[in-house]
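In case you want the letters, here they are:
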Amino acid sequence: MWFRSEHHGVGIAFTDATEGNLATHTGDDPAVVRQRRRTVECELGTGARGVRFVHQVHGTTVHDATGTDAPEQAPEADAAVSTDGTPLGILTADCLPVVFVGRTDDDAAAPVLAVAHAGRKGLLDGVLQHTVGALEDRGATGITAWIGPAVCGDCYEVPAEMAEAAEAALPGIATTTAWGTPGLDLPSAADALLRERGVSVATAGTDRKAWCTLEHRALYSYRRDTTPQRLAGLVWARNGRGTA
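Here the structure is a predicted model, which means the values were calculated and not measured.

Colleague: Explanation requested: the sheet that holds strand β11 (residues 200–201) in the structure shown.
Modeller: Each strand in a sheet pairs with its neighbour through backbone hydrogen bonds, running either in the same direction (parallel) or in the opposite one (antiparallel). In spatial order, the strands read β3-β4-β7-β6-β8-β11; together these six strands make up an open sheet with mixed pairing. The open sheet has two edge strands with one neighbour each: β3 (62–64) and β11. The sheet contact formed by strand β6 (residues 96–103) and strand β7 (residues 112–118) spans seven bridges and is antiparallel. Paired with Leu 96 across the two strands is Ala 118, which belongs to β7.

Colleague: Teacher, can you tell me more about the state of the cysteines here?
Modeller: One pass over the full model with this rule turns up zero disulfides. Free of any disulfide, Cys 95 has its nearest cysteine sulfur in Cys 212, 13 Å distant. Exposure remark for Cys 95: the relative accessible area of 19% places this residue in the buried category. No disulfide involves Cys 152; its nearest neighbouring cysteine sulfur is the one of Cys 212, lying 3.7 Å away. Classification of Cys 152 as buried rests on a relative accessible area of 3%.

Colleague: Got a minute to help me understand unusual backbone geometry in this structure?
Modeller: What you tend to see is this: most non-glycine residues have negative phi, and most peptide bonds are trans. Phi at His 8 is positive, roughly 50 degrees, even though this residue is not glycine. Mapped onto the secondary structure, His 8 falls in the loop between β1 (3–7) and β2 (10–14). You can call His 8 exposed: its relative accessible area is 54%.

Colleague: Teacher, can you tell me more about the nonpolar core here?
Modeller: In a soluble, globular protein the nonpolar side chains are often hidden away together inside. Core analysis: the biggest nonpolar cluster contains 37 residues, and Phe 100, Leu 123, Leu 128 and Leu 194 have the highest contact counts within it. Secondary-structure elements contributing two or more residues to this core are β4 (79–82), β6, β7, α3 (127–137), β8 (141–147), α4 (160–169) and α5 (186–196). With five residues, α5 is the largest single contributor of residues to this core.

Colleague: What's the story with the environment of Ala 108 in this structure? I'm lost.
Modeller: The residue Ala 108 is located in the loop between β6 and β7 in this model. According to the relative accessible area criterion, Ala 108 is exposed, its value standing at 64%. In sequence terms Ala 108 and Ser 200 are 92 residues apart; their C-alpha atoms lie 23 Å from each other.

Colleague: Please clarify how the sheet that holds β2 should be interpreted in this entry.
Modeller: Read across the sheet, four strands follow the order β1-β2-β12-β5 without closing on themselves; strand pairing throughout is antiparallel. The outermost strands of the open sheet, each flanked by one partner alone, are β1 and β5 (88–92). Taken pair by pair, the neighbouring strands of this sheet meet at an average axis angle of 10 degrees, ignoring direction. Here five bridges tie β1 to β2, and the two strands are oriented antiparallel to one another. Counterpart to Ser 5 in the pairing with β2 is Ile 12.

Colleague: Mind showing me how you'd approach the pairing of strand β12 (residues 231–237) here?
Modeller: Note on strand geometry: in a regular strand, side chains alternate between the two faces of the sheet. The buried count for β12 comes to seven of seven residues, which makes it a mostly enclosed element. Across the two faces of β12 the burial is the same, with Leu 231, Gly 233, Val 235 and Ala 237 and Ala 232, Leu 234 and Trp 236 all buried. Pairing geometry for β2 and β12, over five bridges, is antiparallel. Paired with Gly 11 across the two strands is Trp 236, which belongs to β12. When β5 meets β12, the two strands line up antiparallel, connected through five bridges. Directly across from Gly 89, in β12, lies its bridge partner Leu 234.

Colleague: Would you mind showing me how to read the pairing of β2 here?
Modeller: Counted residue by residue, β2 has five buried out of five residues, so it is predominantly covered. Burial along β2 is two-sided: Val 10, Ile 12 and Phe 14 facing one way and Gly 11 and Ala 13 facing the other are all buried. Between β1 and β2, which pair antiparallel in sequence order, lie two residues; one of them, His 8, sits at a positive phi of approximately 50 degrees.

Colleague: Can you help me understand the packing of α3 against α5 in this one?
Modeller: The angle between the axes and the distance between the axes are what describe a pair of packed helices. Running from N to C, α3 and α5 cross one another at 35 degrees; their axes reach a closest spacing of 10 Å. In this structure, α3 crosses over α5, and the sense of that crossing is right-handed. Facing α3, whose interface residues are Leu 128, Gln 129 and Val 132, α5 presents Ala 190, Leu 193 and Leu 194. Looking at the contact of α3 with α5 residue by residue, the class counts come to five nonpolar, one polar and no charged.

Each value, and the rule that gives it
Residues numbered from 1 in each chain as written. Predicted model: local features only at pLDDT ≥ 70, side-chain atom pairs only at ≥ 80, totals over all residues. Heavy atoms only, no water. Pairing = 2+ DSSP bridges. Helix = DSSP H or I, 4+ residues; strand = E, 2+ residues; numbered from the N terminus. Disulfide = S-S within 2.5 Å. Buried < 20%, exposed > 50% of the residue type's maximum accessible area, 1.4 Å probe, protein only. Core = buried A, V, L, I, M, F, W, Y, C linked by side-chain atoms within 4.5 Å. Axes fitted to C-alpha atoms, helices over the stretch in contact; angles between N-to-C directions. Left-handed = near helix turned anticlockwise from the far one by under 90°. Contact = heavy atoms within 4.5 Å. Nonpolar A, V, L, I, M, F, W, Y, C, P; charged D, E, K, R; others polar.

Below, the structure is given as structure tokens:
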């Protein structure tokens, strides 16, 4: 497990290669992947309902998993939210996995949870803003976000035209790689964007080179290996509310 923590009775985790590929859509035997997921759920104690994933398409749709039965097929979305403690997961292999925890005015209520997949396109199109909006629409306050392992600004090389277009859409995202070529810094851009929306960004992962998927073999990286394997960012209510 790359990272594991707790925040006001909520568990937060990001897997690494130790847990294996957790994506059912990238060529692995789905039954084997489902067993890996169950192993992770048991290790983390996510509850009997199981982690809900979405079918990611680099969009901005936020799926509401509250009060739903586990679907046979994951819904098409790049973010998910729950208000009853339903565990949520997001899959990545260079893009940003972001997990959110929000409190409500009702101390007896389950926390409001969310996850988001933010690659270049999703970040520029507003997937994080949509996710924060979904949390706020459901009464979340004091929202905290964790930005998981992803390719860092020193390593994410893009064509100059792409960097210029991204910078025009989201000022501050363009950077220069460690070898002097145009690049994008998705983690820093996401951090700034979330703070502008009043979200508290957790200090875990502040050293983005230490959390860079391309630089660390313990993490899956599509840019490094063209790998079909995926890491997971996970969030779940640890006190059992809504997870029975």
